[in-house]
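Inside the fold
One-letter residues, chain by chain:
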Amino acid sequence: DSQTMRASIELPAWPSLSMMLDSQEYWNEQRGTEFSDLYVASFRYDRQVVGLTTEYRHEDITVDRTTAATDSTTGGSTGYSSYYSSFNDRIVDSGSITLQLRPIKTLSIQPTYDIRRELERADDPAGPDEPATPATELPYELSARDHRLSLRPTINKSFFGLRPTV
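Worth saying up front: this structure is predicted, and the values here are computed from it rather than measured. (Residues numbered from 1 in each chain as written. Predicted model: local features only at pLDDT ≥ 70, side-chain atom pairs only at ≥ 80, totals over all residues. Heavy atoms only, no water.)

Let's talk about the pattern of salt bridges
Spelled out, the test is: Salt bridges, as used here, are contacts in which a Lys or Arg side-chain nitrogen is within 4 Å of a carboxyl oxygen on Asp or Glu. Segments assigned H or I by DSSP are reported as helices when at least four residues long, segments assigned E as strands when at least two residues long, and all are numbered from the N terminus. Note on classification: 1.4 Å probe, protein chains only; a residue is buried when its accessible area is under 20% of the maximum for its type, exposed when over 50%, partly exposed between these limits.
Overall, the coordinates contain 10 salt bridges when judged by the stated rule. Of the charged contacts in the structure, one is a salt bridge between D89 and R121, with a shortest N-O distance of 3.3 Å. Residue D89 is located in the loop between β4 (50-64) and β5 (90-104), and its partner R121 is located in strand β6 (residues 107-121); the two are separated by 32 residues in the primary sequence. Of the two residues examined, D89 and R121, each falls in the buried class. In this structure, D93 and R117 form a salt bridge, with 2.6 Å as the shortest nitrogen-oxygen distance. One end of the pair, D93, is in strand β5; the other, R117, is in strand β6, and 24 residues separate them in sequence. We classify D93 as buried; its relative accessible area is 10%. Taken together, the shared-partner salt bridges connect E34, R90, R116, E118 and D146 into one network.

In structure tokens:
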């Protein structure tokens, strides 16, 4: 089940601004039912010589492990390493800033900075003989952080129908 709502403002000679909300519910054999709410905001301003693009993404992921398959053929809902390598609730924040520089008509340079941070709800510290702590009361812990800086020069001229990029 997926629902998407998008709003954007794009006027000539003005910066464009857009916002999106994407809400999904899907089932995974090992993790169970996952509910994901993704919020995206972006800003773009482009002129002849310089342009700026920014984007921010925030995703809340809630996992219901009670719906996971638990038979021995699927491995159950513990000890399985997936793309996210997690079965707990997560919050993922990411963003990027790109500057487009076009000093001459045939060359453009795009420095880009990307950042991503993932928070994961802590595991229950209660022992097997103690009552379980409700998941909503467990704190979030930093589970991943990525930073990337890239520089992409582009030649804005076609050579036999191809536009080379380094």
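Things to note about the sheet that holds strand β3 (residues 32-46)
Strands belonging to one sheet form pairs held by backbone hydrogen bonds; the direction of such a pair is parallel or antiparallel. Inclusion rule: DSSP bridges decide pairing: two strands pair if at least two such bridges lie between them. With axes taken as lines fitted to C-alpha atoms, and helix axes fitted only over the stretch in contact, angles between N-to-C directions fall between 0 and 180 degrees.
The antiparallel open sheet is built from seven strands, whose spatial order is β1-β2-β3-β4-β5-β6-β7. The strands lining the two open edges of the sheet, one partner per strand, are β1 (2-9) and β7 (140-155). Pairwise comparison of adjacent strand axes, ignoring direction, gives a mean angle of 10 degrees for this sheet. Two elements, β4 and β5, share 12 bridges in a ladder whose sense is antiparallel. Opposite G51, over in β5, you have Q100 as the bridge partner.

A closer look at the confidence of the model for the chain
Spelled out, the test is: In predicted models, pLDDT denotes the confidence assigned by the predictor to each residue on a 0 to 100 scale. Contacts are assigned to residue pairs with any non-hydrogen atoms lying within 4.5 Å of each other.
Here the chain averages 82 in pLDDT, and 84% of its residues register 70 or above. Contacts from residues 72-84, a stretch scored under 50 in pLDDT, to residues over four places away or in other chains number 19 contacts.

Focus on unusual backbone geometry
Phi at A13 is positive, roughly 70 degrees, even though this residue is not glycine. If you trace the backbone, A13 turns up in the loop between β1 and β2 (16-28).

Structural notes on the pairing of β6
The two faces of the sheet receive side chains in turn, since in a regular strand these alternate between them. Note that β5 and β6 share 11 bridges and pair antiparallel. Counterpart to G95 in the pairing with β6 is I115. Two elements, β6 and β7, share 15 bridges in a ladder whose sense is antiparallel. Paired with Q110 across the strands is R152, a residue of β7.

With respect to the layout of surface pockets
Definition in use: A pocket, in this scheme, is an open set of points on a 1 Å grid over the protein atoms alone with protein on both sides within 12 Å along at least 5 of 7 lines, while a cavity is a set where a 1.4 Å probe fits but cannot get out; residues line either one if an atom lies within 4 Å of a point. Grid points are joined across faces, edges and corners, and a volume is the space filled by probe spheres set on the points. All residues other than Ala, Val, Leu, Ile, Met, Phe, Trp, Tyr, Cys, Pro, Asp, Glu, Lys and Arg, Gly among them, are scored as polar; the first ten of these are nonpolar and the last four charged.
Taken as a whole, the largest pocket holds about 280 Å³ of empty space. Taken together, 17 residues line the largest pocket, and the ones lying closest to its centre are V63, R65, N88, A135 and L138. Top contributing element to the lining of the largest pocket by residue count: β4, with three residues. Residue classes in the lining of the largest pocket are distributed as seven nonpolar, four polar and six charged.

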